[in-house]
Amino acid sequence: MPRVLLIEDDRAVREGVQLALRRQGHEVAAAATGEDGLGRLRSHGADVVVLDLMLPGVSGLEVCRRIRADDNQIPIIMATARGDDVDIVVGLEAGADDYVVKPVQARVLEARIRALLRRVGASPEGALPKVETHGELTVDRTALTVSSEGVPIALAPSELRLLLTLSASPGQVFSRQQLLESVWEHNYHADARLVDACVKRLRTKMGEPPGQPRYIHTVRGFGYRFKDAR
């Protein structure tokens, strides 16, 4: 049974989402503050975190950053009260894997949770070599680990899945929509910011200098491609 940690300060929203997710077979723990949520995550763990962006005290953005700073690669779905591009992009760049806009529709949240959990531990190309070397980068598709010069790189689920998808076909250009469908399982348009924010985080973690990508190259106006760094 998937374990969901819901961090939401609005009691009515919290109880409504809890009820809806439990009806779908999820085990749900809830917290009203960022501090309480972090404590519950450290003591009890979870399979996915649903995190309100606007929390009192320790904000949702700070909670997200702290989870990632602890090298905790648990999937995070961010909930924002507005469909504001700035709020969403900031949240995604802080480490969230996906987002929903409040008021949260239970069926949308359930679909996002299921998609995230399917992506964890799934390699997009099972027929590829188990271990690949791309310059200084080593990708183990069986262990689902990535390292640079032997140093492990902790990647969030969306970052890992994106890298696995791009590196499976070096030189191939992927549109943002193709990546949304393959990595996030989103079959609709207008979420290119998910891809762009994830690429930005991935480049940073792989040590790529700003404006000088070694592995993930931008194809202006279209998408991205992976190129071996030699």
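Attention in this report is confined to the structure presented alongside it. (Residues numbered from 1 in each chain as written. Predicted model: local features only at pLDDT ≥ 70, side-chain atom pairs only at ≥ 80, totals over all residues. Heavy atoms only, no water.)

Our next topic: the state of the cysteines. One pass over the full model with this rule turns up zero disulfides. The cysteine C64 is free of any disulfide, with C198 supplying the nearest cysteine sulfur at 12 Å. Residue C64 is classed as buried on the basis of its relative accessible area, which comes to 3%. (Disulfide = S-S within 2.5 Å. Buried < 20%, exposed > 50% of the residue type's maximum accessible area, 1.4 Å probe, protein only.)

Here helix α2 (residues 34-44) crosses helix α3 (residues 60-69) at 25°, and the two axes come no closer than 10 Å. Taken together, the axes of α2 and α3 are roughly parallel relative to one another. At the point where α2 passes α3, the crossing takes the right-handed sense. Together, G34, L38 and L41 of α2 and V63, R66 and I67 of α3 make up the contact between the two elements. (Axes fitted to C-alpha atoms, helices over the stretch in contact; angles between N-to-C directions. Helix = DSSP H or I, 4+ residues; strand = E, 2+ residues; numbered from the N terminus. Parallel < 35°, antiparallel > 145°, perpendicular 65-115°, else oblique. Left-handed = near helix turned anticlockwise from the far one by under 90°. Contact = heavy atoms within 4.5 Å.)

Moving on, we get to the nonpolar core. Membership of the largest hydrophobic core comes to 48 residues, with the highest contact counts inside it found for L137, L163 and I216. Here the element with the most residues in this core is helix α8 (residues 192-205); it accounts for six residues. Not counting the four nearest positions on each side in its chain, L137 is found in contact with E132, V146, S147, S148, I153, L163, M206, Y215 and F226. In terms of nonpolar packing, the next biggest core, distinct from the first, is built from 13 residues, L6, V28, A79 and I113 among them. (Core = buried A, V, L, I, M, F, W, Y, C linked by side-chain atoms within 4.5 Å.)

Counting buried residues along strand β3 (residues 48-52), five of its five residues qualify, which places the element largely inside the surrounding structure. Side chains V48, V50 and D52 of β3 all project onto a buried face; the interleaved residues V49 and L51 project onto the opposite face, where all are buried too. Strand direction decides the pairing type here: strand β1 (residues 3-7) and β3, joined by four bridges, are parallel. Among the inter-strand pairings, L6 is bridged to a residue of β3, identified as V50. (Pairing = 2+ DSSP bridges.)

With that settled, consider the sheet that holds strand β6 (residues 131-134). Ordered by their spatial adjacency, four strands build an open sheet running β6-β7-β8-β9, and the pairing between neighbours is antiparallel. Strands with a single pairing partner mark the edges of an open sheet, and in this sheet they are β6 and β9 (151-152). The sheet contact formed by β6 and strand β7 (residues 137-140) spans four bridges and is antiparallel. Residue pairing across strands places V131 opposite D140, the latter belonging to β7. Across the face of the sheet, helix α6 (residues 157-167) comes into contact with β6, β7 and β8 (145-148) while running at roughly 100° to β7.

Keep in mind that these numbers describe shape and distance, not what the molecule does.
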